[in-house]
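Chain by chain, the residues run as shown.
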Amino acid sequence: MGRLRRMLARRRPKLVSLRTTFAISFAAVTAAVAILVGIVSYGSAARLVRVDQQSVFSQVVQDVRDEVRQHRMEPEDFSSSRPGHDLVRPARTDVQVLGAQGEIVDHGDPSLPVTSHDRSMALARTAGKAVEHKDVQVGDDLYRIATVSLGDGRGAVQVAQEFSDTEDLLRTLQQRTLILMAAVVVGAGLFGWWLARRITRRLVVLTSAAEDVARTRRLGIEVPVAGLDEVGRLGRAFDRMLGRLAQSEEDQRRLVQDAGHELRTPLTSLRTNISLLRRIDELPPDTRDDLVADLTQEARELTDLVNELVDLAAGQSDTEPPQRVDLADIAEEVVGLASRRTGRQIVLRASGDTTTDGRPGMLQRAMSNLVENAAKFDRAGQAPIEVHIMGPARPGTVRVEVLDRGPGIAEGDLIRIFDRFYRAADARSLPGSGLGLSIVREVAMAHGGAPFAYRREGGGAVIGFTVGGG
């Protein structure tokens with residue numbers, strides 16, 4: 001087993017950092033561009049130099065041909081000792097004169113080879129005829145030679161131009177181009193490493209923060225990332241995400257603590273009553289009936305409490321996709337269901353544009369809680385429960401209100417009725433867990449709104465929420 005692990009560890013691919021990847025990529029792109037530019041530049045330069053040399057040589061040969069055609073020239077006229085003909089001796093140009101029989105009467109420097117074609121030019125009757133030889137090896141150098149006839153069999157003139165120096169120059173240029181490209185590639189690699197290090201420095205900070213969160217499970221780690229670019233936006237988004245996760249974890253912890261506290265009371269009562277069941281045969285009939293009634297009531301309250309806890313947790317992590325909904329339509333369904341369940345008269349009034357973007361399941365749950373809360377606190381009421389859907393108070397905002405004629409809400413309780421498990425002093429004798437209105441608050445805040453409650457004129461309360469305000 002240990003050997004297998006070592007083999008797997010050896011085969012495991014090594015991680016390459018983003019910084020190294022950036023540096024290598026930058027150097028590779030720069031190298032490709034440098035090589036391409038170097039090749040194109042060298043090719044263009046070499047082509048221009050060779051074309052220029054060929055043009056110069058062709059022009060010299062043409063000048064000699066024009067001169068022998070316009071004037072009757074003798075071999076002596078082109079002798080190196082005869083002044084006045086330096087025009088055919090530019091830089092790296094050699095001139096050699098042939099006699100009537102093709103013999104050399106004035107050697108060039110260096111001496112040029114004479115072929116049968118050159119001798120035929122010396123014997124030619126027409127002045128200005130020419131024959132050209134390319135890439136002729138003369139000693140260690142390479143020449144291009146042209147032989148021009150003087151006419152009437154008087155001889156010929158050989159003009160040669162050295163090309164070895166040009167090729168040596170081009171080879172030197174090639175070597176320097178390669179050295180320059182290598183220097184550019186090395187410089188690009190170093191600059192790419194520096195640039196990648198600068199770019200990824202904040203990403204390294206983000207990576208360290210993420211690893212710290214994964215290792216310690218502490219969500220309160222500060223992410224010190226600034227900037228207005230994508231990395232800065234990523235850092236701020238990561239920081240906000242950690243904040244939301246920390247808040248969610250805190251809400252979950254509080255929910256568990258509060259739920260545990262609230263569940264203890266009905267569970268303790270259940271345990272007490274269950275212990276009495278062992279002596280149920282000893283109890284009077286009335287006491288037995290009361291015991292069974294208590295057990296039934298406590299089981300119902302415990303079931304309601306668990307259901308509301310599940311609803312609250314679902315409201316915090318609801319994955320229902322938002323869509324365009326009409327709150328008046330949702331309220332109509334809620335009112336119909338609540339009327340059948342409670343037997344109360346419930347009046348629905350809708351005004352304005354009541355459509356908004358939201359999650360219909362969550363919004364229906366919030367409205368149901370409000371209506372059921374009103375029916376619970378106004379059990380003996382004769383006046384109908386009213387549901388008002390109004391929109392928009394401002395663009396995109398819809399207001400939901402539920403009005404009752406119950407005992408109302410004390411001033412000191414108005415700011416706390418949306419807290420989890422909070423129950424006013426005069427409501428503790430009624431069934432319920434104190435979670436219904438906290439669910440309303442969660443739904444309202446999830447939809448960019450807020451809950452509200454106030455005392456109603458003439459008695460009763462007005463409780464509701466807004467959506468779409470964010």
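Residues numbered from 1 in each chain as written. Predicted model: local features only at pLDDT ≥ 70, side-chain atom pairs only at ≥ 80, totals over all residues. Heavy atoms only, no water.

- Going by what an unreviewed UniProt entry lists, the protein chain is known as histidine kinase and is assigned to Streptomyces griseofuscus.
- The Subcellular location (unreviewed entry) comment attached to the protein chain in UniProt states, word for word, "Cell membrane".
- UniProt's Catalytic activity (unreviewed entry) comment on the protein chain is quoted here verbatim: "ATP + protein L-histidine = ADP + protein N-phospho-L-histidine." (UniProt positions renumbered as here; feature names shortened; annotations may be inferred.)

1. Here's the deal with the packing of helix 8 (residues 360–377) against helix 9 (residues 436–446)
For step 1, the next point in the chain: One way to put it is that helix 8 packs onto helix 9 with a least axis distance of 9 Å and a crossing angle of 145°. Considering how the two elements wind past one another, helix 8 and helix 9 form a crossing that is left-handed. On helix 9, the residues touching Met362, Leu363, Arg365, Ala366, Asn369, Leu370 and Asn373 of helix 8 are Gly436, Leu437, Ile439, Val440, Val443 and Ala446.
For step 2, the next point in the chain: Of the residues contributing to the contact of helix 8 with helix 9, the split by class is nine nonpolar, three polar and one charged. (Axes fitted to C-alpha atoms, helices over the stretch in contact; angles between N-to-C directions. Helix = DSSP H or I, 4+ residues; strand = E, 2+ residues; numbered from the N terminus. Left-handed = near helix turned anticlockwise from the far one by under 90°. Contact = heavy atoms within 4.5 Å. Nonpolar A, V, L, I, M, F, W, Y, C, P; charged D, E, K, R; others polar.)

2. Observations regarding the pairing of strand 5 (residues 156–162)
For step 1, the next point in the chain: Among the seven residues that make up strand 5, seven are buried, leaving the element largely enclosed by the rest of the structure.
For step 2, the next point in the chain: Both faces of strand 5 are covered, namely the face carrying Ala156, Gln158, Ala160 and Glu162 and the face carrying Val157, Val159 and Gln161.
For step 3, the next point in the chain: Inspection of the sheet shows strand 4 (residues 141–149) paired to strand 5 by seven bridges, in the antiparallel sense. Residue pairing for strand 5: alanine 146 is matched across the bridge by valine 159.
For step 4, the next point in the chain: Following strand 4, the chain reverses through six residues before pairing antiparallel with strand 5; glycine 151 in that reversal takes a positive phi of roughly 95°. (Buried < 20%, exposed > 50% of the residue type's maximum accessible area, 1.4 Å probe, protein only. Pairing = 2+ DSSP bridges.)

3. Details of the sheet that holds strand 2 (residues 104–106)
For step 1, the next point in the chain: The strand order across the open sheet formed by five strands is 2-1-5-4-3, and the pairing between neighbours is antiparallel. Where the open sheet ends on each side, the last strands, each with one partner, are strand 2 and strand 3 (130–138). Direction aside, neighbouring strands of the sheet carry axes that sit 30° apart on average.

4. Notes on the pattern of salt bridges
For step 1, the next point in the chain: Counted by the stated rule, this structure contains nine salt bridges.
For step 2, the next point in the chain: Salt-bridge contacts for glutamate 74 lead to arginine 72; the nearest nitrogen and oxygen are separated by 3.9 Å.
For step 3, the next point in the chain: Overall, the relative accessible area of 28% leaves glutamate 74 in the partly exposed class.
For step 4, the next point in the chain: Arginine 441 serves as the salt-bridge partner of glutamate 442, at 3.6 Å between the closest nitrogen and oxygen. In this structure, glutamate 442 and arginine 441 share a single accessibility class: buried. (Salt bridge = Lys/Arg side-chain N within 4 Å of Asp/Glu carboxyl O.)

5. Some thoughts on helix 9
For step 1, the next point in the chain: In terms of burial, helix 9 is a largely internal element, nine of the eleven residues being buried.
For step 2, the next point in the chain: The set of residues buried in helix 9 consists of Gly436, Leu437, Ser438, Ile439, Val440, Arg441, Glu442, Val443 and Ala444.
For step 3, the next point in the chain: Of the residues trailing helix 9, glycine 448 is marked for its positive phi of about 75°.

6. Brief notes about the UniProt feature "transmembrane region" (unreviewed entry) in the protein chain
For step 1, the next point in the chain: Here the UniProt-annotated "transmembrane region" (unreviewed entry) positions come out as residues 178–196.
For step 2, the next point in the chain: Here residues 178–196 runs as 100% helix and 0% strand, with 26 Å between its end C-alpha atoms.

7. So, the nonpolar core
For step 1, the next point in the chain: The biggest cluster of nonpolar side chains holds 36 residues, and the ones touching the most others in it are Leu327, Leu363, Met367, Val387, Ile389, Ile463 and Phe465.
For step 2, the next point in the chain: Those elements that place two or more of their residues in this core are helix 7 (327–342), helix 8, strand 9 (385–391), strand 10 (398–404), helix 9 and strand 12 (461–467).
For step 3, the next point in the chain: Per-element tally for this core: the top contributor is helix 8, with eight residues.
For step 4, the next point in the chain: Look past the residues within four positions of methionine 367 in its chain and what remains in contact with it is Leu327, Ile330, Ala331, Val334, Ile389, Val400 and Phe465.
For step 5, the next point in the chain: Residues Val95, Val97, Leu150 and Val157 belong to the second largest nonpolar core, which totals 14 residues. (Core = buried A, V, L, I, M, F, W, Y, C linked by side-chain atoms within 4.5 Å.)

8. Considerations on the packing of helix 7 against helix 8
For step 1, the next point in the chain: Two numbers describe how helix 7 lies on helix 8: the axes approach to 9 Å, and their chain directions differ by 40°. Classified by the interaxial angle, the pair formed by helix 7 and helix 8 is oblique. Regarding helix 7 and helix 8, the two cross each other, and that crossing is right-handed. On helix 8, the residues touching Leu327, Ile330, Ala331, Glu333, Val334, Ala338, Arg341 and Thr342 of helix 7 are Pro360, Leu363, Gln364, Met367, Ser368, Val371, Glu372 and Ala375.
For step 2, the next point in the chain: Its residues assigned to classes, the contact of helix 7 with helix 8 shows ten nonpolar, three polar and three charged. (Parallel < 35°, antiparallel > 145°, perpendicular 65-115°, else oblique.)

9. Some thoughts on the sheet that holds strand 12
For step 1, the next point in the chain: With mixed pairing, the five strands of this open sheet are ordered in space as 7-9-10-12-11. The two strands at the open ends of the sheet, each matched to only one other strand, are strand 7 (346–352) and strand 11 (451–455). Sheet twist, expressed as the mean angle between neighbouring strand axes with direction ignored, is 15°.
For step 2, the next point in the chain: Pairing analysis gives five bridges linking strand 11 to strand 12, with the strands arranged antiparallel. Looking at the pairing, phenylalanine 452 lines up with glycine 464 of strand 12.
For step 3, the next point in the chain: Taken strand by strand, helix 7 contacts strand 7, strand 9, strand 10 and strand 12, and its axis lies near 175° from that of strand 7.
For step 4, the next point in the chain: Across the sheet, helix 8 touches strand 7, strand 9, strand 10 and strand 12, and the angle it forms with strand 12 is around 175°.

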